[in-house]
There are 2 protein chains.
Amino acid sequence: MKGYTQVYTGSGKGKTTAAFGLALRAAGAGLRVYIAQFVKGMKYSELDSIKKLSDFIEIKQYGRDCFIFKDPEAEDIRVAQEGLKEVSKLMQSRKYDVIILDEANIATYYKLLSVDDLLELIQTKPENVELIITGRMADPRIIEAADLVTEMKEIKHYYQKGIQARDGIEK
Amino acid sequence: MKGYTQVYTGSGKGKTTAAFGLALRAAGAGLRVYIAQFVKGMKYSELDSIKKLSDFIEIKQYGRDCFIFKDPEAEDIRVAQEGLKEVSKLMQSRKYDVIILDEANIATYYKLLSVDDLLELIQTKPENVELIITGRMADPRIIEAADLVTEMKEIKHYYQKGIQARDGIEK
């Protein structure tokens, strides 16, 4: 099966959720999935569900617990960049059919990852691997390199009414 | 926990996938999820995954196998409308924390469901239930009634290159 590079970007809801849904769907079809979460160290409810599907889905977080986007420290940058290298090796190992780089776009925007390194990963993707990159602020060069790009656009959001993220719904 | 009404619409990819991802996340948090699929009778890889999470997620299809959008028959309309009634009862039973009406928007667009009936469902939603409605062509009245609306916008799509839907990725 030929694989493609998909990007989910934009400021709207559903980017990471769509990627997790895709992992669920792929696992259901017996495909092996690797999820790399960049700049996220928080505990997500997804992790609990994913454990139940662990024969098919592996997940690893390449980021610290209390990451502050606007001011990344050298350690944050090191963790993210080592993470990308690890994912690249795993991708070349052909052990996985679907590889998800969750929030990798925002990681390039805040200079945790370089666009060049992410581009290289896309360009060296084995033909049969499906690569999914999420996160707002996708670089134009990443969009250019991708086969499918979807922008999640916020039309209306109850957060504007001041509601907090809820367990099992947003996180 | 207060619940809201979310709508995922637009012609881009990821609407149903985001809803399934949300189901996965909610189930991981121990929330009970009901997924009603309208105008879809096809076998999805998601169904296989969902079986593994079946303690928390229930799914039912309210549509026939070979539904043709542009020319719904009386039987298609009956199945969809009975489905909406059933979902309404289940919603009032408080058995579920999250209710997903997959492709209900497109079902209203093609007159399988009336916008009035879908609006009534939104308006009678118990406070603690999270309601998620997917499908392109969401009616403006549904958008108005929702708390959160995300448009999945197609920026670039490899289908334009003539590629078929693939098991575990698109279906």
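A short tour of the structure in this document, coming up. (Residues numbered from 1 in each chain as written. Chains lettered and ligands numbered in written order. Predicted model: local features only at pLDDT ≥ 70, side-chain atom pairs only at ≥ 80, totals over all residues. Heavy atoms only, no water.)

**Re the pairing of strand S6 (residues 148-156) of chain B**
Quick note on the threshold: Being paired, for any two strands, means DSSP has found at least two bridges between them. Put simply, DSSP H or I for four residues or longer makes a helix, DSSP E for two residues or longer makes a strand, and each gets a number counted from the N terminus.
Note: strand S6 (residues 148-156) of chain A against S6 of chain B, seven bridges, orientation antiparallel. Each bridged residue has a counterpart across the sheet, and for Thr-150 of chain A the counterpart in S6 of chain B is Glu-154 of chain B. In the sheet, strand S1 (residues 5-9) of chain B pairs with S6 of chain B via four bridges, with the strands oriented parallel. The residue bridging Tyr-8 of chain B from the neighbouring strand is Thr-150 of chain B, located in S6 of chain B.

**Let's talk about the relation of the copies chain A and chain B**
Formally: The least-squares superposition of copies is restricted to C-alpha atoms, and to residues with a pLDDT of at least 70 in both copies. We call two residues in contact whenever any of their non-hydrogen atoms come within 4.5 Å of each other.
With an RMSD of 0.0 Å, the operation that places chain A on chain B is a rotation of 180° combined with a shift of 0.0 Å along the axis. Considering both components of the superposition, the chain copies are consistent with a two-fold axis. An overlap of 100% is found between the interface residues of chain A and their copies at the interface of chain B, pointing to a shared contact surface.

**What to know about helix H1 (residues 15-28) of chain B**
Residues and elements named next belong to chain B. So the rule is basically this: For a helix, the expected span equals 1.5 Å multiplied by the residue count minus one. For every residue, the accessible area obtained with a 1.4 Å probe (protein chains only) is divided by the maximum for its type, and the residue is called buried under 20%, exposed over 50%, and partly exposed between those limits.
Between its terminal C-alpha atoms H1 stretches 20 Å, which fits the 20 Å expected from 14 residues at 1.5 Å a residue. Of all 14 residues that make up H1, 14 are buried, and the element is covered over most of its length. In the stretch just after H1, Gly-30 is the one whose phi turns positive, near 85°.

**Quick notes on the interface of chain A and chain B**
How we decide: Once two parts are put together, the accessible area they lose, assessed with a 1.4 Å probe and summed over both, is termed the buried area. By definition, a salt bridge exists where a carboxyl oxygen of Asp or Glu is found within 4 Å of a side-chain nitrogen of Lys or Arg. Here a polar contact is recorded for every N or O atom pair within 3.5 Å, except that within protein the pair must consist of a potential hydrogen donor and a potential acceptor, and residues adjacent in sequence are included only if both atoms are side-chain atoms.
Taken residue by residue, the interface counts 54 residues in chain A and 54 residues in chain B. Together, the buried faces of chain A and chain B total about 4600 Å²; carbon and sulfur atoms form 60% of this surface. If you sort the residues of chain A by the area they bury against chain B, Arg-25, Lys-156 and Ile-169 of chain A come out on top, with a joint share of 17%. Our count for the contact surface shared by chain A and chain B stands at zero salt bridges. Remark: the boundary between chain A and chain B carries 14 residue pairs in polar contact (both at pLDDT 80 or more). The set of elements that each furnish at least two residues to the side of chain A that touches chain B consists of strand S1 (5-9), helix H1 (15-28), helix H2 (45-52), helix H6 (140-145) and S6 of chain A. Among the elements that make up the side of chain A that touches chain B, the one with the highest residue count is H1 of chain A (10 residues).

**Here we look at the nonpolar core**
Where we set the bar: To qualify as a nonpolar core, a set must consist of buried Ala, Val, Leu, Ile, Met, Phe, Trp, Tyr and Cys residues joined through side-chain atoms within 4.5 Å.
Among the nonpolar cores identified, the biggest contains 40 residues, and Val-98 of chain A together with Val-98 of chain B are the most heavily contacted of them. Contributing elements (two or more residues each) for this core: H1, strand S2 (33-38), strand S4 (98-102) and S6 of chain A together with H1, strand S2 (33-38), strand S4 (98-102) and S6 of chain B. Ignoring sequence-local partners within four residues, the contact set of Val-98 of chain A consists of Leu-22, Ala-26, Leu-31, Arg-32, Val-33, Tyr-34, Glu-130 and Ile-132 of chain A together with Ile-169 of chain B. Residues Val-7, Ala-80, Leu-112 and Leu-131 of chain A belong to the second largest nonpolar core, which totals 33 residues.

**Comments concerning unusual backbone geometry**
Residue and element names in this part refer to chain A. Positive phi is not limited to glycine here, since Met-137 has a value of about 65°. For Met-137, the location among the structural elements is in the loop between strand S5 (130-134) and H6. For Met-137, a relative accessible area of 37% puts it in the partly exposed group.

**A look at the side chain of Lys-15 of chain B**
Residues and elements named next belong to chain B. Within the fold, Lys-15 resides in helix H1. A distance of 2.8 Å separates a polar side-chain atom of Lys-15 from the backbone oxygen of Gly-10. Within the structure, Lys-15 has its side chain in polar contact with the backbone oxygen of Gly-12 (distance 2.9 Å).

**Comments concerning helix H3 (residues 74-92) of chain A**
Residues and elements named next belong to chain A. We count it as follows: Note that the arc is computed from the directions linking the helix axis to the C-beta atoms.
With 19 residues, H3 ought to run about 27 Å at 1.5 Å a step, and its terminal C-alpha atoms sit 27 Å apart, in line with that. Within H3, the full set of buried residues consists of Asp-76, Val-79, Ala-80, Gly-83, Leu-84, Val-87, Leu-90 and Met-91. Each buried residue of H3 lies within a common arc of 135° when the element is viewed along its axis, so the set occupies one face. Counted as exposed and oriented over 90 degrees from the buried face of H3: Ala-74, Lys-85 and Lys-89. Phi turns positive one or two residues past the end of H3, at Arg-94, with a value near 60°.

**Details of the pattern of salt bridges**
Residues and elements named next belong to chain A. Applying the stated criterion to the full structure yields 13 salt bridges over all chains. Note that Glu-127 and Lys-2 form a salt bridge whose closest N and O atoms lie 4.0 Å from each other. One end of the pair, Glu-127, is in the loop between helix H5 (115-123) and S5; the other, Lys-2, is in the segment before S1, with 125 residues separating them in the sequence. On the basis of relative accessibility, which here comes to 55%, the residue Glu-127 falls in the exposed class. Here Lys-2 falls in the partly exposed class, since its relative accessible area comes to 41%. The partner of Glu-58 in a salt bridge is Lys-95, and the shortest N-O contact between them spans 3.8 Å. Of the two residues, Glu-58 sits in strand S3 (residues 57-62) while Lys-95 sits in the loop between H3 and S4, which places them 37 residues apart along the sequence. Look at Glu-58 and you get partly exposed, because its relative accessible area is 35%.

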